[in-house]
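# Structural description and commentary
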Amino acid sequence: MTAVLAIAGTGLRRFLRDRSNYFFVFVFPLLLVVLIGLQFGGEGGESRAIVVGGSDLADQVATGLEDGGATVSRGGSVEDAQETIARGRADAAVVVTEADDAAFGAGEPVELDVVAGSSTQALAARQVVSVELGRVGNDQRGVLSLEAAGIPPDEALAAFDTVAAVGPTVARSTVGDDSLDEAFAGLGQFDLGAAQQVSLFVFLASLAGAASLIQSRQLGVTRRELAGPVTTTQVVAGEALGRFVVAFTQGAYIVAGTAVLFGVDWGDPVATGAVLVAFCAVSASVAMVFGSLLDSVNVASGVGVGVGLVVAALGGSMLPLELFPDNLLTVSAVTPHHWAYEAYAEITRRGGGVGDVLPQLGVLALMTAILLPLGAWLLRRSLARAL
Amino acid sequence: MAAVLACEGLVRRFGDLAAVDDVSFTIAAGETYGLLGPNGAGKTTTISMVAGLLDPDVGVARVLGDPIGPAAVDVKRHIGLVPQELAIYPDLTGRENLAFFGRLQGMRKPDLEARVDEVLEVIGLVDRAGDLAKEYSGGMKRRLNIGIGLLHQPSLLVLDEPTVGVDPQSRNAILESVEALSGEGMAVLYTTHYMEEAERLCDRIAIIDHGRLQAEGTRDELLRLTGEVDRIDLVGSGDLGAAADALRGLSGVERVAHDGHTVTLTVHDAPTLVAPVVSTAVAARMSLADVEVSRPDLESVFLHLTGRALRD
Ligand SMILES: Nc1ncnc2c1ncn2[C@@H]1O[C@H](COP(=O)(O)OP(=O)(O)O)[C@@H](O)[C@H]1O
Ligand SMILES: [Mg+2]
């Protein structure tokens, strides 16, 4: 353990001695904080919705959306709406036909078509739409039940409004499609995007740790360490621990910064912290595998960026996993990002605690438990190579 | 006395190349053992196996009786390695470098601090201990490199060409400290391609080429292999025959021959005999114009064994 700590401590000391690293630890994450905050923070990101149709139901939906904080435009055809969305001038459209209106009035189940793009902004808009549609549906259910009890429609509506003003709002989708709405339910400000970006960034930044191991090998220090009473596992664990501390500092800094400055909701801090720790451990271990496998710092940084981006995309850090086809989703399970994504989703969307993300934490821990010894084995093999 | 290091039939191949091919030798406590050979002879590969960095393909190296190898973590405590290439962090100070490697050896404060100070003294870096290693001269870096190997007072110190690329002054300082260390009872394995260093430092020397030990022994034993001997040539005038007769009586002188202006002696140990030889010749009324001493050296031994020069 002393050896591991000595190597980690020396790695950190050398890291901090290089002033240019300060940019990556303290300044760059701050830029990312601002970026995430503007995108996903409490204030920004007003959704732009189109309501197609002119009926009573359409009016109610539009008012509901406006109340929900969206900018609403009315009218036009479905095709117009699709084009507007495709051009990025709106995020989602709700299509209300005359038939829908009639069915709604009669108290029958209604399915409204929602057109949305695939940007994260569109997903947020879709979320707002589904929440509002749920509200509209609930209101109607209430009014209809009052009418059914023999109260005249006008009085029923007035009575309902008084109650609704004090009563709890139920934000559950009863209209529109399916699993997506359910998956994103509770994600009011779409905090998921921030989680995706933290994983992406922390993983990329950790891969830079490969360079530090390669440098130690090139300096001959690693050989010398191993000529002492130190195992390759200890060397790899020490180098990884140093990089882990850097990565965790960066990640925690971004989480705290976006939460404090922009009100991004990260859920239970203990659970989020645990996921971040587990994810940083995998990232640092991957760096050690690269650091033992590759012999050139330049190659390592190139490979690091490439692998970092591909793995992030595959793991749901660019496009949400919910939009993945099944077979791609299966492949994506090899990435740590996938499991971190699921864990953060559990924590931020469904209010999960550490207990709820134990499976994901377990998978991430298992990945570390495989990658670190692999790194050690590769490091041992690298000693027989001329550098 | 039990050997501190015993190598038994070490073989290490890289692909088709046998970098080390059936190498056996032992080193006792207090003994300095030299591996003398040109670049590519297999010195570093041998040392990598002795220091537990490489597994031999065949054979075994034992340190204080225990087999050494990458997995023999505890045995490595007894070894101090000074690698051929500098193995220090340039962005740490000399003191920080020493303390770091000391901690890896399991040393703790305050013992560690005291020992770091001692070693700084030995390698003459007390004044510069707080400067970053990258600001050191080449010789200072080399000394720091050696200091790290000494920290934990190993039973076996392994030095791989520690003077390569060093100015003559630093080289002398390094050689002196190695001499002092073996005086303290440390077993030293010293590789070099400089025959003067091997001659000066080593109690026994092995000549290595193409991965094989070509010969092993004390310096004198190796020199005897060539069949050459020390020679003293006295150039001058006077009664050279009388001078030659007088010189024949000196002990240590083997044969004496003379021509018109030179008396040639073959002797056992030229350096110690020069003074008596000169005074004897002068007493026999020879007036000397020049004295030339020549002795076979390890260079000639290497040439004799391999048919090539040591430095190519
Ligand atoms: N890691 C390696 N891979 C392949 N060949 C090597 C490796 N290390 C050394 N060699 C080869 O083995 C031979 C001995 O090298 P080395 O032990 O470094 O010699 P020396 O230290 O005496 O100069 C050389 O021919 C060298 O090219
Ligand atoms: Mg060498």
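In this text, all values refer to a predicted model and were calculated from it rather than measured experimentally. (Residues numbered from 1 in each chain as written. Chains lettered and ligands numbered in written order. Predicted model: local features only at pLDDT ≥ 70, side-chain atom pairs only at ≥ 80, totals over all residues.)

## Concerning the overall build of chain A
A count of helices and strands for chain A gives 16 helices and four strands. When the 387 residues of chain A are sorted by exposure, 48% land in the buried category. For chain A, long-range pairs separated by at least 24 residues make up 78% of all intrachain contacts whose partners lie at least 6 apart in sequence. (Helix = DSSP H or I, 4+ residues; strand = E, 2+ residues; numbered from the N terminus. Buried ≥ 20, exposed ≤ 12 C-beta atoms within 10 Å, placed from the backbone. Contact = placed C-beta atoms within 7 Å.)

## Focus: the pairing of strand E11 (residues 230-237) of chain B
Working note: regular strand, side chains alternate between the two faces of the sheet. Residue and element names in this part refer to chain B. As defined by bridge partners, E11 adjoins strand E13 (residues 262-267) across six bridges and the pair is classed as antiparallel. Pairing of Val-235 across the sheet is with Thr-262, part of E13. Relative to strand E14 (residues 287-294), E11 runs antiparallel, the two sharing seven bridges. Residue pairing in the sheet places Leu-234 in a bridge with Val-291 of E14. (Pairing = 2+ DSSP bridges.)

## Observations concerning unusual backbone geometry
Among all residues save glycine, negative phi is the norm, and among peptide bonds the norm is trans. Residue and element names in this part refer to chain B. Across the junction of Lys-109 and Pro-110, the peptide omega takes the value -5°, indicating a cis bond. Position of Pro-110 relative to the elements: it lies in the loop between helix H2 (94-104) and helix H3 (111-122). In this structure, Glu-161 takes a positive phi of about 45° despite not being glycine. Following the sequence through the fold, Glu-161 ends up in the loop between strand E7 (156-160) and helix H5 (168-183). Classification of Glu-161 by C-beta neighbours within 10 Å gives buried; the count is 21.

## Some thoughts on the environment of Leu5(B)
Here Leu5(B) lies in strand E1 (residues 3-14). C-alpha separation for the pair Leu5(B) and Glu121(B), spaced 116 residues apart in sequence, amounts to 28 Å.

## Focus on the domain arrangement of chain B
Here chain B is partitioned into domain 1 (3-224) and domain 2 (229-295). The centre of domain 1 of chain B, based on its C-alpha atoms, is set 43 Å off from the matching centre of domain 2 of chain B. (Domains from an automatic or database assignment.)

## Here's the deal with the sheet that holds strand E2 (residues 71-74) of chain A
The pairing of strands in a sheet comes from backbone hydrogen bonds and takes either a parallel or an antiparallel form. Residues and elements named next belong to chain A. Reading across from one edge, E2-E1-E3-E4 is the order of the four strands in this open sheet, with mixed pairing throughout. Looking along the sheet, the strands with just one partner apiece sit at the ends: E2 and strand E4 (113-116). For this sheet, the mean angle separating the axes of adjacent strands, direction not counted, is 20°. Pairing of strand E1 (residues 48-52) with strand E3 (residues 92-95), which is carried by four bridges, proceeds in the parallel orientation. When the sheet's bridge partners are listed, Ala-49 is paired in E3 with Ala-92. (Axes fitted to C-alpha atoms, helices over the stretch in contact; angles between N-to-C directions.)

## Topic: the nonpolar core
Ala210(A), Val275(A), Leu5(B), Val50(B), Val158(B) and Val188(B) are the most contacted members of the largest nonpolar core, which has 148 residues in total. It is helix H12 (residues 269-293) of chain A that contributes the most residues to this core, 15 residues altogether. Contacts of Ala210(A), omitting those with residues within four sequence positions, involve Ala287(A), Phe290(A), Gly291(A), Leu294(A), Ala300(A) and Gly304(A). Counting residues in each nonpolar core, the second largest holds 30 residues, with Ala49(A), Ala58(A), Ala116(A) and Val129(A) among its members. (Core = buried A, V, L, I, M, F, W, Y, C linked by C-beta atoms within 7 Å.)

## Brief notes about helix H13 (residues 297-314) of chain A
All names here are of chain A. Between its first and last C-alpha, H13 extends 25 Å over 18 residues, near the 26 Å set by a 1.5 Å rise per residue. Where H13 is concerned, the buried positions are Ala-300, Gly-304, Gly-308, Val-311, Ala-312 and Leu-314. Down the axis of H13, the buried side of the element spans an arc of 145°, and every buried residue falls inside it. Projecting away from the buried face of H13 at angles above 90 degrees are the exposed residues Asn-298, Gly-302, Gly-306 and Val-310. Looking one or two places after H13, you find Gly-316, whose phi comes out positive at around 90°. (Expected span 1.5 Å × (residues − 1). Arc of directions from axis to C-beta.)

## Quick word on the site of ligand 1
Residues in close proximity to ligand 1 total 14 residues, the closest being Phe14(B), Ala19(B), Lys43(B), Thr44(B) and Thr45(B). Site remark: ligand 1 is flanked by residues from chains A and B. Breaking the shell around ligand 1 down by element, the ones donating at least two residues are strand E2 (17-28) and helix H1 (43-50) of chain B. Here the shell around ligand 1 takes three residues from H1(B), the largest share from any one element. Looking at the shell around ligand 1 residue by residue, the classes come out as six nonpolar, six polar and two charged. (Near = placed C-beta within 6 Å. Nonpolar A, V, L, I, M, F, W, Y, C, P; charged D, E, K, R; others polar.)

## Examining the sheet that holds E13(B)
Residue and element names in this part refer to chain B. With antiparallel pairing, the four strands of this open sheet are ordered in space as E12-E13-E11-E14. The open sheet has two edge strands, strand E12 (253-258) and E14, and neither has a second partner. Neighbour to neighbour, the strand axes of the sheet diverge by 15° on average, direction disregarded. Set on the sheet, helix H8 (residues 240-248) makes contact with E12 and E13; between it and E12 the angle comes to about 175°.

## What to know about the interface of chain A and chain B
Taken together, the contact between chain A and chain B spans 21 residues of the former and 24 residues of the latter. Residue assignment for the side of chain A that touches chain B shows that the elements contributing at least two residues are helix H1 (2-17) and helix H10 (221-227) of chain A. Here the side of chain A that touches chain B is composed, by residue class, of 10 nonpolar, five polar and six charged.

## A closer look at the packing of helix H7 (residues 219-226) of chain B against helix H10 (residues 298-306) of chain B
All names here are of chain B. The contact between H7 and H10 brings their axes to 9 Å, and the two run at 50°. The pairing of H7 with H10 is recorded here as oblique in orientation. As for how H7 packs across H10, the hand of that crossing is left-handed. Of the residues in H10, those in contact with Leu-222, Leu-223, Leu-225 and Thr-226 of H7 are Leu-298, Ser-300, Val-301 and His-304. Across the contact of H7 with H10, the residue classes tally to five nonpolar, three polar and no charged. (Parallel < 35°, antiparallel > 145°, perpendicular 65-115°, else oblique. Left-handed = near helix turned anticlockwise from the far one by under 90°.)

## Some details on the packing of H12(A) against helix H15 (residues 336-350) of chain A
Residue and element names in this part refer to chain A. In the contact formed by H12 and H15, the axes pass within 10 Å of each other and the chain directions differ by 175°. Accordingly, the angle class assigned to the pair H12 and H15 is roughly antiparallel. Seen from H12, the contacting residues are Ala-271, Thr-272, Val-275, Phe-279, Val-282 and Ser-283; seen from H15, they are Pro-336, Ala-340, Ala-343, Tyr-344 and Ile-347.

## With respect to the environment of Ala340(A)
All names here are of chain A. Along the polypeptide, Ala-340 turns up in helix H15. Remark: the alpha-carbon pair of Ala-340 and Ala-125, spanning 215 residues in sequence, is separated by 24 Å. With sequence-adjacent residues up to four places away left out, Ala-340 is seen in contact with Ser-199, Val-275 and Phe-279.

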